[in-house]
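Remarks on the overall topology
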Amino acid sequence: MQVIIVGGGIAGLSAALSLHQIGVDCRIYESVARLEPVGHGINLQPNAVRELTALGLGEELARAGILTAELAFYNRHGQLIWTEPRGKAAGYNWPQISISRGKLQEILLAAIHARLDARALVTGHQLASLQQRGDKVLARFIDPAGRPAGEAEGDLLIGADGIHSAVRRHFYPGEAAVFDGYLHYRGIVEGDPYLTGRSMVVVGHRTHRAIIYPIAALPAGKVMINWLAYTKIPGGAPPLEAWDTVADKTLAVDRYQGWSYPWLDVQGLIARTERVLQLPNVDRDPIPRWSFSRVTLIGDAAHPMQPVGAQAGSQAIVDGRVLAASLLASADAVDALVRYQDQRIAAMNDMIIRNRNLGLETVLQIAEERAPDGFDHITDVLSQHELENTAASFKKAAGFDLETVNSRQSYVELQRPAP
């Protein structure tokens, strides 16, 4: 079997490693001419770390990132609303790892180069069209200048090409991204450890909030801190098509005036960041189908979601593992793609909607609405039951509740010879 993977991001690279583990040949086609580690922070939940550990990458990821120990929610006055342990501190058999997205990509790339054929990754190839012909899929590519770059034929094609997926567009032409009127700024900056030293914090409420977490240990006790700041889109903001453009940092700093607390100076963190990026907060509506005979979607191409709840990267990794397991379980490749879809699509479509409704961060908005000026005791505002139920229901829906992660078998247990 030969599989074409369109897209060399986290979804495509991790899927390729999973396919290799079960003895399936694949080739990754990436649109950029040179694949370089880029990006800011990402949270890998225990369900994803478990799968990466099964690929032999767990220890390397743990050394490169931070083993997140706590998730804490604060209102805009800096008052604690809810805190819970994370990863091994919460009893999981695998950690939650906060890491540079670029470092994660670097680790995945190194594994690709070490384990797969030297020709397994082809750069400078953007999908121009695809065609299913009998039991084969034909993909045609163009180079970064728009010139024809050849074609490839495979038994299956996996669309792992992100929120702007050309594979998805083939089946859903004219579909538009959904913009919610918010902008987010983001950056990384060196700083001192705060709270536990391994804490992820979310501060504010629906229309104005910040997510902050360390992603790497540095010399002299410092840490590299990743932050994202969400706010109503200001006048003069970039058009919807503008992604990761350099922001006017003063706008970001001004919007977080006064967000300085004894446990962390949020405004100061933003002010000290050398390069601040901005992009519109978008996702896409859930779709009823991912698999079309010998073609399927994974990761952001299948379920692009707002960057809330730290789920997109983790779920992309799980997609590839479930897909590999489905290929192991079925002698019919077309049936395997349907099995994969049916196991994942309902939960991921639900996650898109949950993220639009703030997911775990719902408690921030409730606290803001019920106590905009702050509170003496959080239980005067939100009951313990409300807090615990919000946290538990989100984890269950996302598939990383403690019982599910610790008790289920791995999606891919053993290697097998190539079919």
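Heads up: these notes are all about the structure in this document. A quick note: this is a predicted structure, and the numbers were derived from the prediction, not measured.

Here the focus is the packing of helix α1 (residues 10-21) against helix α8 (residues 312-329). For the pair α1 and α8, interaxial distance at closest approach is 8 Å and the crossing angle is 30°. Our classification of the angle between α1 and α8 gives roughly parallel. In this structure, α1 meets α8 at a crossing whose hand is right-handed. Together, Ile10, Ala11, Ser14, Ala15, Ser18, Leu19 and Gln21 of α1 and Gly313, Ala316, Ile317, Gly320, Arg321, Ala324 and Leu327 of α8 make up the contact between the two elements. Of the residues belonging to the contact of α1 with α8, the class tally is 8 nonpolar, 5 polar and 1 charged.

With that settled, consider the nonpolar core. In this structure, Ile5, Leu19, Leu44, Leu57 and Ile99 are the most contacted members of the largest nonpolar core, which totals 80 residues. Setting aside residues up to four positions removed in sequence, leucine 57 forms contacts with Leu17, Leu52, Ile107, Leu108, Ala111 and Arg115. Formed by 48 residues, the second largest nonpolar core is a distinct cluster that contains Trp82, Val202, Tyr261 and Val266.

This brings us to the sheet that holds strand β11 (residues 148-154). Read across the sheet, 3 strands follow the order β9-β10-β11 without closing on themselves; strand pairing throughout is antiparallel. At either margin of the open sheet sits one strand with a lone partner, and together these are β9 (126-133) and β11. With direction set aside, neighbouring strand axes in the sheet form an average angle of 20°. Pairing between β9 and strand β10 (residues 136-142): 7 bridges, direction antiparallel. The partner of glutamine 132 across the bridge, within β10, is valine 137.

Below, the discussion takes up the sheet that holds strand β4 (residues 66-68). Strands sit in the order β3-β7-β4 across an open sheet of 3 strands; the sheet is antiparallel. A strand with exactly one partner marks an edge of an open sheet, and here the two such strands are β3 (41-44) and β4. Direction aside, neighbouring strands of the sheet carry axes that sit 30° apart on average. Strand direction decides the pairing type here: β3 and strand β7 (residues 96-100), joined by 4 bridges, are antiparallel. Bridge pairing in β7 places leucine 44 opposite isoleucine 97.

The element strand β14 (residues 199-205) is largely enclosed, with a buried count of 7 among its 7 residues. Bridging between β14 and strand β15 (residues 208-217) involves 5 bridges; their strand directions are antiparallel. Among the inter-strand pairings, valine 201 is bridged to a residue of β15, identified as isoleucine 212. What sits between β14 and β15 in their antiparallel hairpin is a turn of 2 residues.

Okay, unusual backbone geometry next. Its identity is not glycine, yet alanine 220 carries a phi of approximately 60°, on the positive side. Residue placement: alanine 220 occurs in the loop between β15 and β16 (223-232). Since its relative accessible area comes to 80%, alanine 220 is described here as exposed. Notably, serine 293 is not glycine yet its phi reads approximately 55°, a positive angle. Accessibility expressed as a relative area gives 36% for serine 293, which makes it partly exposed.

Turning to the packing of aromatic side chains, a few remarks are in order. Within this structure, the stated rule accounts for 7 aromatic pairs. Between the aromatic rings of tyrosine 74 and tryptophan 263, the centroid separation amounts to 4.0 Å while the plane-to-plane angle is 25°, which identifies the pairing as stacked. Of this pair, tyrosine 74 sits in strand β5 (residues 70-74) while tryptophan 263 sits in the loop between β18 (260-261) and β19 (264-265), and the two are 189 residues apart along the sequence. Tryptophan 263 matches tyrosine 74 in its accessibility class, with the two residues each being buried. An aromatic cluster of three or more residues is present, and its members are Tyr74, Tyr261 and Trp263. Cation over ring: arginine 408 sits above tyrosine 411, and NZ or CZ is 4.0 Å from the ring centre.

Conventions and cut-offs
Residues numbered from 1 in each chain as written. Predicted model: local features only at pLDDT ≥ 70, side-chain atom pairs only at ≥ 80, totals over all residues. Heavy atoms only, no water. Axes fitted to C-alpha atoms, helices over the stretch in contact; angles between N-to-C directions. Helix = DSSP H or I, 4+ residues; strand = E, 2+ residues; numbered from the N terminus. Parallel < 35°, antiparallel > 145°, perpendicular 65-115°, else oblique. Left-handed = near helix turned anticlockwise from the far one by under 90°. Contact = heavy atoms within 4.5 Å. Nonpolar A, V, L, I, M, F, W, Y, C, P; charged D, E, K, R; others polar. Core = buried A, V, L, I, M, F, W, Y, C linked by side-chain atoms within 4.5 Å. Buried < 20%, exposed > 50% of the residue type's maximum accessible area, 1.4 Å probe, protein only. Pairing = 2+ DSSP bridges. Phe/Tyr/Trp six-rings, centres within 6.5 Å; stacked < 30°, edge-to-face > 60°. Lys NZ or Arg CZ within 6 Å of the ring centre and 35° of its normal.

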